[in-house]
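Below are the chains, spelled out letter by letter.
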Amino acid sequence: MATVVAPRHIPRFVTYLHRFMDIVVLVLSVMLIVWISIDTFEKINFLENHQYMTFQFWVCIVFILDYVVEILASDDRGHTARSRLFFLLLSIPYLNIINLLHLQLSHDAIYFVRFIPLMRGALAMSIVIGYLSKNAISSLFLSYITIMLLVAYFGSLIFYQREYGVNPMVKSYGDALWWTAMNLVTVGSNITPVTVSGKVIGVILPITGMIIFPLFTVYLTNFVTRNSKNKDDDAQ
């Protein structure tokens, strides 16, 4: 016989704190994206940028606190802790740990590690944007659209930073953005990556596109079906 777990009494201030943390995480995610974008275009070495490393560390700490608050605000804390464990793993300040322990990793590996907190921020942004829709299908659609756009932008930043000056076919950020878009829609581009990072992104983007774009079909089918049903109801 299944055991029924009684809902927890959640203090009101915990609920308010959870909502406040969602906003804080969203703002910090946007700030992190802006900072990384500026560093990329200005060719700034982020490992030597003390301000960036400090900012990223505290952003990760806030992400971890958000994970804890979300558990406290949940009726089933055990389930929430397990289901959100991936969020916690993405919130660990790996870059600061690597820098503190003086671990020797390749520049490509370190550069990808830099984007781990951004993945956490991207998930947070997709969830918050999904809340804007009351319809479950529309909410899922908006969430995946957000993830797709952020993956495309992050991919173009990485490709531009690693390929510019090395790949003669990448002469500007526009070339990197075009390459990213074409690979995301699985069409392909005449630009061929020459760096390890570029080749890795070249694998990730088509996989992301093949996962996300079928959702457009699901959403459009649901939209047409719902509208047809509403018209039939009005006609009756």
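Presented here is a report on the structure given in the accompanying data block. (Residues numbered from 1 in each chain as written. Predicted model: local features only at pLDDT ≥ 70, side-chain atom pairs only at ≥ 80, totals over all residues. Heavy atoms only, no water.)

**Describing the packing of helix H1 (residues 12-41) against helix H2 (residues 50-72)**
Part 1: Interaxial distance between H1 and H2 falls to 9 Å at its minimum, and their mutual angle equals 155°. Here H2 runs roughly antiparallel to H1, going by the angle between their axes. Relative to H2, the crossing made by H1 is left-handed.
Part 2: Counted by class, the contact of H1 with H2 contains 18 nonpolar, four polar and four charged residues. (Axes fitted to C-alpha atoms, helices over the stretch in contact; angles between N-to-C directions. Helix = DSSP H or I, 4+ residues; strand = E, 2+ residues; numbered from the N terminus. Parallel < 35°, antiparallel > 145°, perpendicular 65-115°, else oblique. Left-handed = near helix turned anticlockwise from the far one by under 90°. Nonpolar A, V, L, I, M, F, W, Y, C, P; charged D, E, K, R; others polar.)

**With respect to the packing of aromatic side chains**
Pairs of aromatic rings are described using the distance from one ring centre to the other and the angle between the two planes.
Part 1: The full count for this structure, using the stated rule, is ten aromatic pairs.
Part 2: Aromatic side chains Trp35 and Tyr52 sit 5.9 Å apart centroid to centroid with 65° between the ring planes, which places their arrangement in the edge-to-face category. Of this pair, Trp35 sits in helix H1 while Tyr52 sits in helix H2, placing them 17 residues apart in sequence.
Part 3: Looking at Trp35, the relative accessible area reads 23%, which means it is partly exposed.
Part 4: Of the residues examined, Tyr52 reaches a relative accessible area of 0% and is grouped as buried.
Part 5: Between Tyr160 and Tyr164, the ring centres sit 5.1 Å apart and the planes meet at 35°, which makes this aromatic pair tilted.
Part 6: Here the aromatic cluster, defined as three or more aromatic residues joined through ring pairs, consists of Phe41, Tyr160, Tyr164 and Tyr173.
Part 7: One Lys or Arg, Arg84, reaches over the ring of Phe87 and ends 4.8 Å from the middle of that ring. (Phe/Tyr/Trp six-rings, centres within 6.5 Å; stacked < 30°, edge-to-face > 60°. Buried < 20%, exposed > 50% of the residue type's maximum accessible area, 1.4 Å probe, protein only. Lys NZ or Arg CZ within 6 Å of the ring centre and 35° of its normal.)

**Brief notes about a nonpolar patch on the surface**
Part 1: Taken together, the side chains of Ile97, Leu100, Leu101, Leu103 and Leu105 make up a nonpolar region of the molecular surface, amounting to roughly 480 Å² of accessible area.
Part 2: Within the secondary structure layout, Leu100 lies in helix H5 (residues 94-101). (Patch = residues over 30% accessible without salt bridge, like charges linked within 9 Å, V, L, I, M, F, W, Y side chains within 5 Å. Areas by Shrake-Rupley, 256 points an atom, 1.4 Å probe, with all protein chains shown as cover. Salt bridge = Lys/Arg side-chain N within 4 Å of Asp/Glu carboxyl O.)

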